[in-house]
Amino acid sequence: IKCMKAVTLSLKSKKVDFNKRPLKAIGITNQRETTIAWNSETGVPYYNAIVWDDLRTTSIATHIANEHGGNQDCVRDETGLPLASYFAGTKVRWLLDNVPELAQDLQDEKKRSTVRFGTVDTWLLYQLTGEPSNFKGAANVGGIFGTDVSNASRWLFLNIHTMKWDKKLIDTICGA
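Rules of the game
- Residues numbered from 1 in each chain as written.
- Predicted model: local features only at pLDDT ≥ 70, side-chain atom pairs only at ≥ 80, totals over all residues.
- Heavy atoms only, no water.
- Axes fitted to C-alpha atoms, helices over the stretch in contact; angles between N-to-C directions.
- Helix = DSSP H or I, 4+ residues; strand = E, 2+ residues; numbered from the N terminus.
- Parallel < 35°, antiparallel > 145°, perpendicular 65-115°, else oblique.
- Contact = heavy atoms within 4.5 Å.
- Nonpolar A, V, L, I, M, F, W, Y, C, P; charged D, E, K, R; others polar.
- Buried < 20%, exposed > 50% of the residue type's maximum accessible area, 1.4 Å probe, protein only.
- Pairing = 2+ DSSP bridges.
- Arc of directions from axis to C-beta.
- Patch = residues over 30% accessible without salt bridge, like charges linked within 9 Å, V, L, I, M, F, W, Y side chains within 5 Å.
- Areas by Shrake-Rupley, 256 points an atom, 1.4 Å probe, with all protein chains shown as cover.
- Salt bridge = Lys/Arg side-chain N within 4 Å of Asp/Glu carboxyl O.
- Phe/Tyr/Trp six-rings, centres within 6.5 Å; stacked < 30°, edge-to-face > 60°.
- Lys NZ or Arg CZ within 6 Å of the ring centre and 35° of its normal.

The relative placement of two packed helices comes down to the angle between their axes together with the axis-to-axis distance. Packing of helix 4 (residues 88-98) against helix 5 (residues 100-107) leaves a shortest axis separation of 6 Å and a crossing angle of 90°. Considering their axes alone, helix 4 and helix 5 lie roughly perpendicular with respect to each other. Counted together, L95, L96 and N98 of helix 4 and P100, L102, A103 and L106 of helix 5 form the full contact between these two elements. Residues that form the contact of helix 4 with helix 5 fall into these classes: six nonpolar, one polar and no charged.

If you want it as structure tokens, here you go:
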């Protein structure tokens, strides 16, 4: 409802006449594999979103496959997916390897619980249900942090047989 009100106010400021064309719904897009990491206390992203077709993660997928005898299907039995740069898990690994502040916060026992990873659906849900943040570079904090199984299954972290996040898969992709 808060989102609908914001959209309505924005459209009214652009002189949209809701008496002639009432607003009935809004739609959002979902880029299932585009990955974002942010701090839940500040709402500030650690880095720009890494989009679904970003090739920086190709070497990560290749490296993991090589650790498993060159087997691109090393996680397929559990995830239903081949090991590829396309999926969110390799983007999480890239963020862990390349964003020092994120890596530091994950090492700090007090800050670790404030780190959030999500795809666009999770980010939008968090933003649309949160409250304004006072931190520069942030929109909202305190929103709902969630996803659904159809999006979670695109991470390389979800075991499709148990429908749960799988520590073994996470360790395989993130290099525990």
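Next comes the rest of the write-up.
Summarising burial for strand 1 (residues 35-39): five of the five residues are buried, a large majority. In this structure, strand 1 lies alongside strand 2 (residues 115-119), joined through five bridges in antiparallel fashion. Bridge pairing in strand 2 places A37 opposite F117.

Moving on, we get to the side chain of N39. Along the chain, N39 turns up in strand 1. For N39, a relative accessible area of 10% translates into the label buried. Not counting residues up to four positions away in its chain, the partners in contact with N39 are V44, Y46, D105 and T114.

Let us look at helix 2 (residues 58-67). Considered for burial, the residues of helix 2 that qualify are I60, A61, I64 and A65. For helix 2, the angular spread of the buried residues around the axis is 130°, confining them to a single face. Summarising the geometry of helix 2, the exposed residues directed more than 90 degrees from the buried face are S59 and N66. Contact partners of the buried residues in helix 2: helix 4 and helix 8 (167-174).

A cluster of nonpolar side chains, namely V51, W52 and Y86, defines an oily patch on the protein surface of about 250 Å² accessible area. You can see V51 is positioned in the loop between strand 1 and helix 2. For V51, a relative accessible area of 34% gives the class partly exposed.

Looking now at the packing of aromatic side chains. What the rule picks out here adds up to eight aromatic pairs. With a centroid separation of 5.0 Å and an interplanar angle of 75°, the aromatic rings of W38 and W123 are classed as edge-to-face. A residue pair is termed long-range when its members are at least 10 positions apart, and W38 in strand 1 and W123 in helix 6 (residues 120-129) qualify at 85 residues. The residues W38 and W123 share a single accessibility class, namely buried. Ring geometry for W38 against Y126: centres 5.2 Å apart, planes inclined by 55°, an arrangement best described as tilted. Separated by 88 residues along the polypeptide, W38 in strand 1 and Y126 in helix 6 bring together distant segments of the chain. Neither residue differs from the other here; W38 and Y126 are each classed as buried. Each residue in the set W38, W123, Y126 and F145 is aromatic and connected to the rest through ring pairs, giving one cluster. Positioned above the aromatic ring of W94 is the side chain of R56, whose terminal nitrogen or guanidinium carbon lies 4.4 Å from the ring centre. Of note, R116 hangs over the ring of F145, and the distance from its end group to the ring centre comes to 5.1 Å.

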